[in-house]
Each structure stands twice: as structure tokens, then as C-alpha cells.
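Letter by letter, the chains look like this.
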Amino acid sequence: MLLLPLLLKATLLRMVNSYHPFYNGFYYNHVMNDDDNGNEKVVDFNGVRLVVETSKDPIYSFSGVNVTLPCHYHHEPESEAKHKIRIKWSKLRDDYTKEQDVLVAIGKTYMAFGDFQGRAHLHRAGQREASLLISDVRLQDDGKYRCEVIDGLEDASDVVELRLRGIVFPYQPPRGQYSLNFHEAERVCQEQGSLIATFHQLFQAWSEGLDWCNAGWLADGTVHYPIRLPRKPCGGVHLAPGIRSYGPRHRHLHRFDVFCFSSRLRGEVFYLEHPTRMTLEEAKQACQDAGAEIAKVGHLYSAWKFHGLDRCDAGWLADGSVRYPIAKPRPNCGPAEPGVRSFGFPSKGRFGVFCYKER
């Protein structure tokens, strides 16, 4: 009785380990021939073609929720014959090469891999559905996914994109401007409860109003900065608004700031104050005493963006910076635009504190 599960597991693993730039290495049931005009045409040996379709538009979601990536398949012409379908989901890089395996399935048996174990499931509400259900969506789930269906010798696939709604924020460490190589930039974003932003995420933030004159790393190793109001120190007054680019930079030697990306929180950010204010260490302890932790920069930006956090009192954050979020600008609370204000990294002083508590 143990033999059948072992054989299924071995077959699933063989599906994962097979390699082809776009397919999974199985033999194909059609060949490519040239017609009289020199154009390629598909010749199916059995006269039936497998078609896989996903959403042409991106699927938008938030971190911490469940999302379904749609995928359906059919045969042309329709066939009444029974088909033993195998399904494979992969996460792709921006150039459409495979980044990691997500899930493979044969019949009702499926297996998820890596960070997707326990979170990736096959969703089959319909007879010819091969959709992927991802639970507890994480920041790193953002990206492109390939749905591949194998029917005997026939193989077809399509790609769908998952985009997380979130906020991009520029970040400088305590040691100052332009002090991060690429690997340090990745690490500091993670330390602030976020990930290093992609170009698409930065472009979306720019379209929503982000204007920042310091260049920062992005996830692909390029360096950019978003300008809404052209000015002399930021590429010149004669350039149109847009994303200024330094292109790819050396990931070890070159140093810049970084753009980080965070999505909606699973918990809440709240402000604690003390009659005499607090040092950084006292602030950390105060959050612990309240059953929480001192908030990270990504927490504060997300609370401001998605929950309208508005507090005209500066508070400590986990990185040693002092900031405060303003959703409704008013006198004595900084500039006329909404945003997260920063007092930098004071070496001494007493302030309130922003704490974060998971729900």
C-alpha cells in the first residue's frame, strides 16, 4: 500500500527536476512546419490541441490574505476522451526564466515546494480548472507565475502576474546618504519589515506622487530615483518628470540609498507616550511591556498608507530613527503634504514611541 504514494511522489519530483526554458522537458505532441509563405504552423499528430489560458490582467492583492491565480485549459476541437492531466506552477523572474517551483499535481495528488509548502493549493472549482490558491500572501510572492498543463505528450502553458498593493519608501541607514551596496540594501529593507522594491513598484509609487531626489537600489540591481517636479539638482529643469536611471551598478562596490516596499499590515501600529518621554532603550521596553514590539519603518509607512495613521508627535522606531505620520496636514505638523516626517537618527534625546502588535 505504501508503494503508490511513493511512486506518485517520485513522479511529481521528476516533473520538477526536468528542465526546458519554457516547458518542463516532456515530449511534445506536435511539430513546427513552414507553410508556403514561410510562416510556422503547428501540426498536431492527433488533431487535438491543448490550450491553457490565464488572466491577461494582473491579479492584485495584499500581504496576509488569500489569493487565487486563475488558470483554465481546454482542447481544440473539444474531445470527449478522458485525459490524465498533470499540472505544474512555477514562479518566474522578470525575464521569464524559472525562479522556483511552486506546485505540481497529478490527478488529485499535489505537492508544494519551498516557501509555498502549506500555502499553495490547487483550486479546481470547474472541470478544466487548474487555478493556484496562495494563502497568507507574503511580500516575496509578488511576481509572475506560469501555469503549465501536460496531457500525455501534449504540453501548453500561460503566464499570470500577481501584484501586491503596497507602499514604496526611500531609506537611508544611520550612517548617512549613499552608504549601501546592493546586498546591504536588501538586508536593511528586510530589517524594516519590507523588501527591496521592484522597478514596477517604484513606477507605481511615482505615478501616485512619489518625488525623491536621492538615487536608490532596486531589486534587479539597477539604481533609479523618481521625479515629479523637475529641478536643477535632480537631473535638470528641462527634463520631463519621470524615473531617472543610473542603470545597473556594481552590487559590491557602488553605494546608494534604497527603495523599500511594504504592504498592508497584519497588526496595528500605536503610539505610546510618557510624561518625561523616553530614550530608545526605554521605548523598546515600553512596547514590550504593552505586549508589542517597537515598530519598524515599514510598519509606520504601511499604517500611514493603509490605515490613515496620523500623529503629530515624534516617536522612536526600531532602527533608532524618530519619525511621525501625518495623514491630515495642519499647522505645526510639517509640510503641507501628507507623509511620514523624519527627525533622522538622534544620538540622544527623549521621545514617544511607535509600537507594533500582531493581531
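See the structure shown above.
About the thresholds
Residue numbering note: each chain is counted from 1, following its sequence as written. Totals for whole chains, interfaces and linings use every residue, but because this is a predicted model, local features are given only for residues with pLDDT of at least 70 and side-chain atom pairs only at 80 or more, for both listing and counting. Note that water and hydrogens are dropped before the side-chain values are worked out from all heavy atoms of the structure. Strands are runs of DSSP state E lasting at least two residues, helices are runs of H or I lasting at least four, and both sets are numbered from the N terminus onward. To sort residues, take the accessible area from a 1.4 Å probe on protein chains only and compare it with the maximum for the residue type: under 20% means buried, over 50% means exposed, and anything in between is partly exposed. Contact definition: two residues touch when any of their heavy atoms are within 4.5 Å. In short, Shrake-Rupley with a 1.4 Å probe defines the accessible areas, and a residue's cover is counted only from the protein chains shown. Strands qualify as paired when DSSP identifies two bridges or more between them. Note on definitions: angles span 0 to 180 degrees between N-to-C directions of axes, and those axes are lines fitted to C-alpha atoms, for helices only across the stretch in contact. Nonpolar cores are built from buried Ala, Val, Leu, Ile, Met, Phe, Trp, Tyr and Cys residues. Side-chain atoms within 4.5 Å join them into one set. Think of the arc as the fan of directions from the helix axis to the C-beta atoms. What qualifies as a polar contact is a pair of N or O atoms within 3.5 Å, subject to a donor-acceptor requirement within protein and to the restriction that residues adjacent in sequence count only when both atoms come from side chains. Salt bridges are defined as contacts in which a side-chain nitrogen from Lys or Arg sits within 4 Å of a carboxyl oxygen from Asp or Glu. Two rings belonging to Phe, Tyr or Trp (six-membered ring only in the last case) form a pair when the distance between their centres is within 6.5 Å. Interplanar angles under 30 degrees mark stacking, angles over 60 mark edge-to-face geometry, and anything in between is tilted. We call a charge positioned above a ring when the Lys NZ or Arg CZ atom is no farther than 6 Å from the ring centre and deviates by at most 35 degrees from the ring normal. For the purposes of this analysis, a disulfide is any pair of cysteine sulfur atoms at a distance within 2.5 Å.

S.K.: What's the story with the overall build of the protein in this structure? I'm lost.
M.R.: Assigned secondary structure in the protein consists of five helices and 25 strands. Per-residue burial for the protein yields a buried fraction of 45% across its 359 residues. Put simply, 60% of the contacts in the protein that link residues at least 6 apart link residues at least 24 apart. For the protein, the exposed surface amounts to about 18,800 Å²; the carbon and sulfur share of it is 52%.

S.K.: Could you clarify how one ought to interpret the sheet that holds strand E9 (residues 109–112) in this entry?
M.R.: Backbone-to-backbone hydrogen bonds pair the strands of a sheet. The strands run either parallel or antiparallel. The strand order across the open sheet formed by six strands is E4-E13-E12-E7-E8-E9, and the pairing between neighbours is mixed. Strands with a single pairing partner mark the edges of an open sheet, and in this sheet they are strand E4 (59–61) and E9. If you compare each strand with its neighbour and ignore which way they point, the axes differ by 25° on average. With seven bridges joining them, strand E7 (residues 85–92) and strand E8 (residues 98–106) adopt antiparallel strand pairing. When the bridges of E8 are listed, Ser90 appears paired with Asp101.

S.K.: For this particular structure, what's the right way to read the nonpolar core?
M.R.: A general trend in soluble globular proteins is that nonpolar side chains are found buried together. Judged by nonpolar contacts, the single largest core of 86 residues is most densely connected at Leu69, Trp89, Leu132, Tyr145, Val258, Val269 and Phe354. A total of five residues in this core trace back to one element, the largest contributor, which is helix H5 (residues 297–307).

S.K.: Would you explain the pairing of strand E17 (residues 222–227) in this entry?
M.R.: Residues in a regular strand point their side chains to alternate faces of the sheet. Across the six residues of E17, six count as buried, placing the element largely inside the fold. Both faces of E17 are covered, namely the face carrying Thr222, His224 and Pro226 and the face carrying Val223, Tyr225 and Ile227. Pairing of strand E16 (residues 216–217) with E17 involves two bridges; the strand directions are antiparallel. For Trp217, the partnering residue across the bridge sits in E17 and is Val223. Two successive antiparallel strands, E16 and E17, enclose a turn made up of four residues, where Gly221 displays a positive phi of approximately 85°.

S.K.: Could you clarify how one ought to interpret helix H2 (residues 182–191) in this entry?
M.R.: Helical periodicity: at 3.6 residues per turn, an α-helix aligns residues three or four positions apart in one direction. Taken as a whole, H2 has its buried residues at Phe182, Glu184, Ala185, Val188 and Cys189. Seen from one end, H2 has its buried residues packed into an arc of 155°, which puts them on one side. Packing partners of the buried residues in H2 comprise strand E14 (166–171), strand E15 (195–196), E16 and strand E19 (257–263). Of the residues flanking the start of H2, the one acting as N-cap is Asn181, its side-chain oxygen 3.1 Å from the backbone nitrogen of His183. Immediately beyond the C-terminal end of H2, within one or two residues, lies Gly193, with a positive phi of roughly 70°.

S.K.: What am I meant to see in the pattern of salt bridges here?
M.R.: Side chains that carry opposite charge are capable of pairing whenever their charged atoms lie near each other. Enumeration over the complete set of coordinates arrives at 21 salt bridges. Across the pair Asp136 and Arg266 runs a salt bridge whose closest N-O atoms are separated by 2.9 Å. Highlighted residues: Asp136 in the loop between strand E11 (131–134) and strand E12 (143–151) and Arg266 in the loop between E19 and strand E20 (267–272), separated in sequence by 130 residues. For Asp313, the salt bridge is made with Arg311, and the minimal N-O distance between the two is 2.8 Å. For Arg311, a relative accessible area of 25% gives the class partly exposed. In this structure, a network of salt bridges that share partners links the residues Lys88, Lys98 and Asp101.

S.K.: Could you clarify how one ought to interpret the packing of aromatic side chains in this entry?
M.R.: For the structure on display, the rule yields 14 aromatic pairs. Taking 5.7 Å as the distance between ring centres and 90° as the angle between the ring planes, the aromatic pair formed by Phe62 and Phe306 counts as edge-to-face. With a gap of 244 residues between them, Phe62 in the loop between E4 and strand E5 (67–69) and Phe306 in helix H5 connect regions that are remote in the sequence. Judged by centre distance (5.7 Å) and plane angle (70°), the rings of Tyr178 and Phe256 are edge-to-face. Of this pair, Tyr178 sits in the loop between E14 and H2 while Phe256 sits in the loop between strand E18 (242–248) and E19, placing them 78 residues apart in sequence. Ring pairing ties together the aromatic residues Tyr178, Phe182, Trp217, Tyr225, Tyr246 and Phe256, which thus form one cluster. Stacked on the ring of Tyr96, the Lys or Arg Lys144 has its end atom at 5.5 Å from the ring centre. Its end group placed over the ring of Tyr60, Arg165 keeps NZ or CZ at 4.3 Å from the ring centre.

S.K.: Would you mind going over the side chain of Lys91 with me for this structure?
M.R.: Relative to the assigned elements, Lys91 resides in strand E7. Among the residues examined, Lys91 registers a relative accessible area of 4% and is labelled buried. From its side chain, Lys91 meets the backbone oxygen of Asp142 in a polar contact 3.1 Å long. Sequence-distant contacts of Lys91, defined by excluding residues within four places in its chain, comprise Lys98, Glu99, Gln100, Val102, Phe116, Gln140, Asp141, Asp142, Gly143, Lys144 and Tyr145.

S.K.: I tried to follow the state of the cysteines on my own but got confused; where do I start?
M.R.: When the sulfur atoms of two cysteines share a covalent bond, that bond is a disulfide. A full pass over the atoms with the stated rule returns five disulfides. The residue that forms a disulfide with Cys71 is Cys147, at a sulfur-sulfur distance of 2.0 Å. One disulfide, between Cys71 and Cys147, carries an S-S torsion of -80° and so falls in the left-handed class. Of this pair, Cys71 sits in strand E6 (residues 71–76) while Cys147 is found in strand E12, placing the two residues 76 residues apart along the sequence.

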